[in-house]
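# Analysis of the macromolecular model
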Amino acid sequence: MRIPCVDAGLISPLVQLLNSKDQEVLLQTGRALGNICYDSHEGRSAVDQAGGAQIVIDHLRSLCSKTDPANEKLLTVFCGMLMNYSNENDSLQAQLINMGVIPTLVKLLGIHCQNAALTEMCLVAFGNLAELESSKEQFASTNIAEELVKLFKKQIDHDKREMVFEVLAPLAENDAIKLQLVEAGLVECLLEIVQQKVDSDKEEDIAELKTASDLMVLLLLGDESMQKLFEGGKGNVFQRVLSWIPSNNHQLQLAGALAIANFARNDGNCIHMVDNGIVEKLMDLLDRHVEDGNVTVQHAALSALRNLAIPVINKAKMLSAGVTEAVLKFLKSEMPPVQFKLLGTLRMLIDAQAEAAEQLGKNVKLVERLVEWCEAKDHAGVMGESNRLLSALIRHSKSKDVIKTIVQSGGIKHLVTMATSEHVIMQNEALVALALIAALELGTAEKDLESAKLVQILHTLLADERSAPEIKYNSMVLICALMGSESLHKEVQDLAFLDVVSKLRSHENKSVAQQASLTEQRLAVES
């Protein structure tokens, strides 16, 4: 029926009827246009061309404050018509946003929150519009947070609360709205739901517990909202979240660990939490998930430990608390997300911690696993982190034993490959590690460096104008270190390094120019 209406040219006269002063005419016209727009591209397009959406929004604005039943019925029909008009159509939703529909609907919700049908219409409309990034700024400039929290507190029925949740989740992705929701008291509502539902085994209660705790974690992703809830580590919310970690409910354990990872986003918070025993709680949690554990909980707890290990002052404390031992229990995990976080945690812990780096670097099982993961081509993150940890073990320990372990486990070729990474930081880490290998254990690593074609790679890095100054500098330092090996020295001579290096003496970076002069002298003397 819809396309014949469009073909018959009925849309334009119908839209004209929206200018009527007769409420019944408006009501029936709104219904007719809503039906024509329902799931019909042609219908929507015709209403769009006739300017119907703007007229309906103008009506919503002017009728918004009137609370008599007839008016609320008309408002409900107009909201429904706009939903049918824009449903699952990003460009029409964006058009409504530009016409100012969001502040109008928020005002509508505030005034008519006693009307179930109209409230439901507003919520569905918000849910649709909130998926669009362009809507967030407009939502943030209204009092949507306050209105939704007020509405949420009133809902006893699970389905109604679910509807509010569906609007809150996309809105809470915006940092300004996160803070508004926290200030409007949403967190207290969420904590209450968690408390009510935690022991229930009803399916809908389990689902609601998950939604509430997930939303809680999402609110902590905003820096301001997170800091407001942390309250120097003394806040009620922070304390309640801490109590989730030892709980027997996997969902709460997960949310608790993720919340701690989010609180651990600045040094002050991290130092406070480590000093107040959070590490032991997280290690206990990990211990409960070693054998056939919950992968998401493992991942979350490792994320939290990784973040907590970032401040320098925390590293030694966490090492003496036994974090490396707790983390190494997951070395046999076949789950890439767990592998990735495990590697990141160990790398953070050994940063500038020579003793810990040496201890880990002599751990044959760990080094062999790292070498295996350096070949995990399907998981770029795991591959990258394994390479970085291999390099870190050498850089922070400066230990001959660590280098020998890495050579024996077949790790050298991966460090050479890492020197060609597209990430400058990784290239640099590889070159520094390789320079230490050449300075401390060149005889042991010589054959592997040869077969990995290190000298050719260094020539390419120095000849490439796109190479960063620090890459050129460290490549030349490494060339000088390799001269102690007869076979590698010969490769350097065969590749005419002098030509490439002499050009770098006039490099704009002083350190590069200086190192080029030193390297040129060394090459000339040794030739």
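Now for a description of the structure that goes with this document. Computed from a prediction, not measured in an experiment: that's the story for all the values here.

## Comments concerning the overall build of the protein
Broken down by element type, the protein carries 35 helices and zero strands. Against the compact-globule benchmark of 24 Å for 527 residues, the protein has a radius of gyration of 32 Å, which places it well outside the compact range. Along the longest, intermediate and shortest principal axes, the C-alpha atoms of the protein span 100 × 55 × 40 Å. When the 527 residues of the protein are sorted by exposure, 55% land in the buried category. Across the protein, every contact between residues at least 6 apart in sequence was considered, and the portion connecting residues at least 24 apart equals 71%.

## Looking at the pattern of salt bridges
Going through the model one piece at a time under the given rule, you end up with 23 salt bridges. Its salt-bridge partner being Asp175, residue Lys178 comes within 3.1 Å of it at the nearest N-O pair. Of the two residues, Lys178 and Asp175 both sit in helix H13 (residues 175–183), three residues apart, roughly one turn of that helix. Residue class for Lys178 comes out buried when judged on its relative accessible area of 3%.

## Digging into unusual backbone geometry
The phi dihedral of Glu231 is positive, around 45 degrees, even though this residue is not glycine. Phi at Lys398 takes a positive value of approximately 50 degrees, unusual for a residue other than glycine. Topologically, Lys398 is positioned in the loop between helix H27 (380–397) and helix H28 (400–408).

The rules behind each value
- Residues numbered from 1 in each chain as written.
- Predicted model: local features only at pLDDT ≥ 70, side-chain atom pairs only at ≥ 80, totals over all residues.
- Heavy atoms only, no water.
- Helix = DSSP H or I, 4+ residues; strand = E, 2+ residues; numbered from the N terminus.
- Rg over C-alpha atoms; globule rule 2.2 N^0.38 Å.
- Buried < 20%, exposed > 50% of the residue type's maximum accessible area, 1.4 Å probe, protein only.
- Contact = heavy atoms within 4.5 Å.
- Salt bridge = Lys/Arg side-chain N within 4 Å of Asp/Glu carboxyl O.

All we've got here are geometric facts, nothing functional implied.
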